[in-house]
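So you can see what is in the structure, the chains are spelled out below.
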Amino acid sequence: MTIRIHVAVVLLIILPAVPACARDENPESTGPSPVPSEVPVSMANPATTLEPTPALSPASTPGAPDFECPNQAEAEMSAVEQAKAVPGDIDGDGGPESVFVFADEGGSSGCIGFVVVDLEGEVRSAPVSYPDIDPGFGFPSLNSVASINDLEGEEIVVNVTSGASTQFVSVYTFDGTQLLEVAYENSFGDEAAGVFGFGGSVGHVEAIDCLADRVVVSTATPKGRRYALIRRFLDPRGAAWVAEGEERSIGSLRRVTSKPEFAGSPFLNCT
Ligand SMILES: [Ca+2]
Ligand SMILES: [Ca+2]
């Protein structure tokens, strides 16, 4: 009996304490913490003493598109502050804007790489959708800017990954309101492909370039002692490039790669 009484007493002592503990799910929040009170002090200079920058605040930017990634607003600011600016006339007004390519290593898949443009204070960005971006290998990075599609302004070509010898890029375009990743219908019937390959070895060679007012996506693969070449032609309309037929041929590697799109870097002849 004595033991039961002791147990009951102990329970009565412990139980009232349980709800108080349950409220503190985060053990770091128990006890006094000087950190929160110090944060405003460290944040008070010099950023909070500067004029607010409306362009960097999505809520105060009229017409700004919704973000696709939870870390996109922060990535925009980090890109403008930290990344190397490269000039490009992205809005097509004749003057250059600052283009940034930025990696947030803490982002989730599809929200790690960002392409950011500072349009004279109005910042626009697009996440790199390629799911396996590896910042540890330097991706994403800027490949080039080139006038590719039917919209005013230059497109931004971004390196997203590389294989043993093939490299891959994604393309970004500004439609006057948003920065968008280009998608296209590829030769596998994948209508949402956003990645273009180029380069390669004797086992598989790819190339992409402009040909007149079309984009040509070419792939050469071994077929016996020769190579089968597929040249797929795209009408580069805005951010959704439409397949408009293809051309197939067979020849030596030298012959199939004598096509102009194999001569240089991606989109080299787009003007
Ligand atoms: Ca411009
Ligand atoms: Ca364009």
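Residues numbered from 1 in each chain as written. Chains lettered and ligands numbered in written order. Predicted model: local features only at pLDDT ≥ 70, side-chain atom pairs only at ≥ 80, totals over all residues.

Right, let's get into the overall build of the protein chain. Per the secondary structure count, the protein chain includes 5 helices and 14 strands. Across the 271 residues in the protein chain, those meeting the buried criterion constitute 34%. At a minimum sequence separation of 6, the contacts of the protein chain that also span at least 24 residues come to 51%. (Helix = DSSP H or I, 4+ residues; strand = E, 2+ residues; numbered from the N terminus. Buried ≥ 20, exposed ≤ 12 C-beta atoms within 10 Å, placed from the backbone. Contact = placed C-beta atoms within 7 Å.)

A few words on the pairing of strand β3 (residues 113-119). A large share of β3 lies buried, amounting to 6 of its 7 residues. As paired elements, strand β2 (residues 97-103) and β3 share 6 bridges and run antiparallel to each other. Bridge assignment links Val101 to a residue of β3, and that residue is Val115. In this structure, β3 lies alongside strand β4 (residues 122-127), joined through 6 bridges in antiparallel fashion. Counterpart to Val117 in the pairing with β4 is Arg124. (Pairing = 2+ DSSP bridges.)

Let us now look at the sheet that holds strand β1 (residues 86-88). With antiparallel pairing, 4 strands are arranged side by side in an open sheet as β1-β2-β3-β4. Every other strand in the sheet has two partners, leaving β1 and β4 as the edge strands with one partner each. Across this sheet, the average inter-strand angle for adjacent strands is 30 degrees, counted without regard to direction. Across the sheet, helix α4 (residues 72-82) is in contact with β2, β3 and β4; its angle to β3 comes to roughly 65 degrees. (Axes fitted to C-alpha atoms, helices over the stretch in contact; angles between N-to-C directions.)

This part takes up the confidence of the model for the protein chain. Low-pLDDT stretches of the model should not have their predicted coordinates read in fine detail. Looking at the protein chain as a whole, its pLDDT mean stands at 82, while 74% of the residues score no less than 70. β2 holds the highest mean pLDDT among the elements of the protein chain, 98, whereas helix α3 (residues 35-43) holds the lowest, 37. Low pLDDT, under 50, characterises residues 7-60; the predicted model gives this stretch 15 contacts beyond four residues in sequence or across chains. (pLDDT = per-residue confidence, 0-100.)

What follows is about the nonpolar core. Grouped together as the largest cluster of nonpolar side chains are 50 residues, with contacts concentrated most on Val115, Val116, Val158 and Tyr172. Among residues more than four places away in sequence, those in contact with Tyr172 are Val115, Ala126, Glu155, Ile156, Val158, Leu179, Leu180, Glu181 and Val182. The next biggest cluster of nonpolar side chains, apart from the first, holds 5 residues, and it includes Val205, Ala220, Tyr227 and Leu229. (Core = buried A, V, L, I, M, F, W, Y, C linked by C-beta atoms within 7 Å.)

Judged from the 7 bridges that link them, strand β11 (residues 204-211) and strand β12 (residues 214-223) form a sheet pairing that is antiparallel. Across the sheet, the residue bridging to Glu206 is Thr219, located in β12. Where β11 folds back onto β12 in an antiparallel hairpin, the turn is made up of 2 residues, including Ala212, whose phi is positive at roughly 55 degrees. Bridge analysis of β12 against strand β13 (residues 226-235) gives 9 bridges, and the strand direction is antiparallel.

Further remarks concern the environment of Ala228. With respect to the helices, strands and loops of the structure, Ala228 is situated in strand β13. Between the alpha carbons of Ala228 and Arg248 there is a distance of 7.2 Å; along the sequence they are 20 residues apart.

Turning our eyes to something else, we now look at unusual backbone geometry. Omega for the peptide link from Phe139 to Pro140 comes to -5 degrees, which places this bond in the cis form. Here Pro140 shows up in the loop between β4 and β5 (141-146). If you check the backbone angles, Glu120 has positive phi at about 50 degrees while not being a glycine. Looking at the secondary structure, you find Glu120 in the loop between β3 and β4. The exposure class of Glu120 is exposed, given the 11 C-beta atoms found within 10 Å.

Residues of α4 that are buried include every one of Ala75, Glu76, Ala79 and Val80, and no others. The arc that holds every buried residue of α4, seen down its axis, measures 130 degrees, which confines them to one face. Residues Glu81 and Gln82 are exposed on α4 and point more than 90 degrees away from its buried face. Of the surrounding elements, those touching the buried residues of α4 are β2, β3 and β4. (Arc of directions from axis to C-beta.)

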